[in-house]
Amino acid sequence: MSKLVLIRHGQSLWNAANKFTGWVDVPLSERGRAEAMIAACKLKEANITIDVCFTSLLIRTMETAIICLTECDEIRAGKIPIFKHDSDDPDWHGWDRYDGDPSQEIPIFPSQAIDERYYGDLQGLNKAETATKFGEAQVKEWRRSYFTRPPGGESLEDTVARVAPFFQSRILSHIRQGDNVLVAAHGNSLRAMIMTLENLSPEEVPSLELITGVPIVYDLDETGKIISKQILP
């Protein structure tokens with residue numbers, strides 16, 4: 001049995017300002033860092049240790065993951081978290097190669113595949129002001145409809161199309177190996193993962209409420225089937 005821990009990044013500075021963030025690379029707020037610290041304590045209290053971690057390419061998920069993995073030493077069981085950059089990226093210089101013992105590391109794999117939903121022309125806009133301008137019903141449609149794209153952006157369906165294959169091929173492969181996996185990602189990329197895990201319909205997914213900094217812990221068998229689910233509020 002393996003554990004899969006899903007956590008929406010802590011509050012970002014644009015979350016605090018009530019702005020559409022999407023792919024804009026905004027860091028955590030003071031509250032967001034505190035949320036990640038509290039999440040680490042909850043994982044410690046639940047006696048959960050992590051073997052491998054995935055984040056998006058956006059700093060708010062990386063900050064959340066690092067705080068979770070370093071705030072309480074018990075979570076990493078003496079191992080050192082190390083970001084593993086894409087060696088196939090032509091812009092990556094590759095200077096991070098070294099001779100070491102992989103069993104003493106927690107590899108952290110950042111990937112664009114689990115970035116937040118792209119909000120296109122809405123990015124940077126205040127949500128309340130946008131609702132006043134376009135109407136609350138229209139903004140709710142852009143934000144929560146499964147099929148509707150915001151202007152110039154992705155629908156939740158589009159997000160699922162890139163998240164689900166990565167989840168199946170990369171994240172669940174570690175579950176099948178018996179690893180405990182931490183995924184620090186975003187509201188919509190996590191909705192896509194939960195849709196895949198729990199076999200939810202397109203009508204069920206948009207209503208999933210994911211609170212910043214609150215871990216969701218799944219016990220999974222070697223095939224990725226859910227044995228149990230627990231939210232650590």
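Remember, it's a predicted structure, so these values are computed and weren't measured experimentally.

**Q** Honestly, the packing of helix α2 (residues 30-45) against helix α3 (residues 59-70) in this entry has me stumped. Any pointers?
**A** Between two packed helices, what matters for the description is the angle formed by their axes and the separation of those axes. Packing of α2 against α3 leaves a shortest axis separation of 8 Å and a crossing angle of 40°. Considering the angle they form, α2 stands oblique to α3. The hand of the α2/α3 crossing is right-handed. Mapping the contact onto sequence places Arg 33, Ala 36, Met 37, Ala 39 and Ala 40 in α2 and Glu 63, Thr 64, Ile 67 and Cys 68 in α3. Residues of the contact of α2 with α3, tallied by class, amount to six nonpolar, one polar and two charged.

**Q** How should the packing of aromatic side chains be read in this particular structure?
**A** Geometrically, a pair of aromatic rings is defined through the distance of the ring centres and the angle of the planes. In total, this model carries six aromatic pairs according to the counting rule given. Look at Phe 54 and Phe 166: their rings are 5.8 Å apart centre to centre, the planes differ by 85°, and that puts the pair in the edge-to-face class. With a gap of 112 residues between them, Phe 54 in strand β2 (residues 52-55) and Phe 166 in helix α7 (residues 156-176) connect regions that are remote in the sequence. Look at Phe 166 and you get buried, because its relative accessible area is 11%. A centroid spacing of 4.9 Å and a plane angle of 80° characterise the contact between Tyr 146 and Phe 147, whose relative ring orientation is edge-to-face. A relative accessible area of 9% places Tyr 146 in the buried class. Members of the aromatic cluster, each reached through a chain of ring pairs, are Phe 54, Phe 109 and Phe 166. Over the face of the ring belonging to Phe 20 we find Lys 127, whose NZ or CZ atom lies 5.6 Å from the ring centre. Across the ring face of Phe 109, the terminal group of Arg 170 is positioned such that the distance to the ring centre comes to 5.0 Å.

**Q** What's the story with the UniProt feature "active site" (unreviewed entry) in the protein in this structure? I'm lost.
**A** Residues annotated in UniProt with the feature "active site" (unreviewed entry) correspond here to His 9 and Glu 116. Annotated residues spanning 108 residues; largest pairwise C-alpha distance 10.6 Å, indicating a single compact cluster. Taking the relative accessible area as the measure of exposure, His 9 reaches 2% and is therefore buried. With residues near it in sequence (within four places) discarded, His 9 still touches Asn 15, Leu 28, Arg 60, Thr 61, Thr 64, Ala 185, His 186, Thr 212 and Gly 213. Engagement of the side chain of His 9 in a polar contact is seen with the side chain of Arg 60, the distance being 3.3 Å. With respect to the helices, strands and loops of the structure, Glu 116 is situated in the loop between β4 (105-110) and α5 (127-134). Taking the relative accessible area as the measure of exposure, Glu 116 reaches 9% and is therefore buried.

**Q** Got a minute to help me understand the sheet that holds β2 in this structure?
**A** Consider a sheet: its strands pair through backbone hydrogen bonds, and that pairing is either parallel or antiparallel. Pairing is mixed in the open sheet, where seven strands are placed in the order β3-β4-β2-β5-β1-β6-β7. Looking at strand neighbours, the two that pair on one side only are β3 (80-83) and β7 (226-231), the edges of this open sheet. Going from strand to strand, the sheet's axes swing by 20° on average, the running direction of each strand aside. Inspection of the sheet shows β3 paired to β4 by four bridges, in the parallel sense. The partner of Ile 82 across the bridge, within β4, is Pro 107. Contacting β1 (2-8) and β6 (215-220), α2 crosses the sheet at an angle of about 30° to β6. The strands touched by helix α8 (residues 187-198) are β1, β5 (181-185), β6 and β7; relative to β1, the strand with the most contacts, the crossing angle is about 150°.

**Q** Can you walk me through the packing of α7 against α8 in this structure?
**A** One way to put it is that α7 packs onto α8 with a least axis distance of 8 Å and a crossing angle of 60°. The two elements α7 and α8 meet at a crossing, and its hand is right-handed. Taken together, the residues of α8 that come into contact with α7 (itself represented by Leu 156, Thr 159, Val 160, Val 163, Ala 164, Phe 167, Gln 168 and Ile 171) are Asn 188, Ser 189, Ala 192, Met 193, Met 195, Thr 196 and Leu 197. Tallied by class, the residues present in the contact of α7 with α8 amount to 10 nonpolar, five polar and no charged.

**Q** Help me understand unusual backbone geometry, please; the structure alone is not making it clear to me.
**A** Both trends apply: most residues other than glycine have a negative phi, and most peptide bonds are in trans. Phi is positive for Asn 18, which is not a glycine, with a value near 60°. By secondary structure assignment, the location of Asn 18 is in the loop between α1 (13-16) and α2. The class of Asn 18 is partly exposed, set by a relative accessible area of 33%. Of note, the phi angle at Asn 47 is positive, near 60°, even though the residue is not glycine.

What counts and how
Residues numbered from 1 in each chain as written. Predicted model: local features only at pLDDT ≥ 70, side-chain atom pairs only at ≥ 80, totals over all residues. Heavy atoms only, no water. Axes fitted to C-alpha atoms, helices over the stretch in contact; angles between N-to-C directions. Helix = DSSP H or I, 4+ residues; strand = E, 2+ residues; numbered from the N terminus. Parallel < 35°, antiparallel > 145°, perpendicular 65-115°, else oblique. Left-handed = near helix turned anticlockwise from the far one by under 90°. Contact = heavy atoms within 4.5 Å. Nonpolar A, V, L, I, M, F, W, Y, C, P; charged D, E, K, R; others polar. Phe/Tyr/Trp six-rings, centres within 6.5 Å; stacked < 30°, edge-to-face > 60°. Buried < 20%, exposed > 50% of the residue type's maximum accessible area, 1.4 Å probe, protein only. Lys NZ or Arg CZ within 6 Å of the ring centre and 35° of its normal. UniProt positions renumbered as here; feature names shortened; annotations may be inferred. Polar contact = N/O pair within 3.5 Å; in protein donor to acceptor, adjacent residues only side chain to side chain. Pairing = 2+ DSSP bridges.

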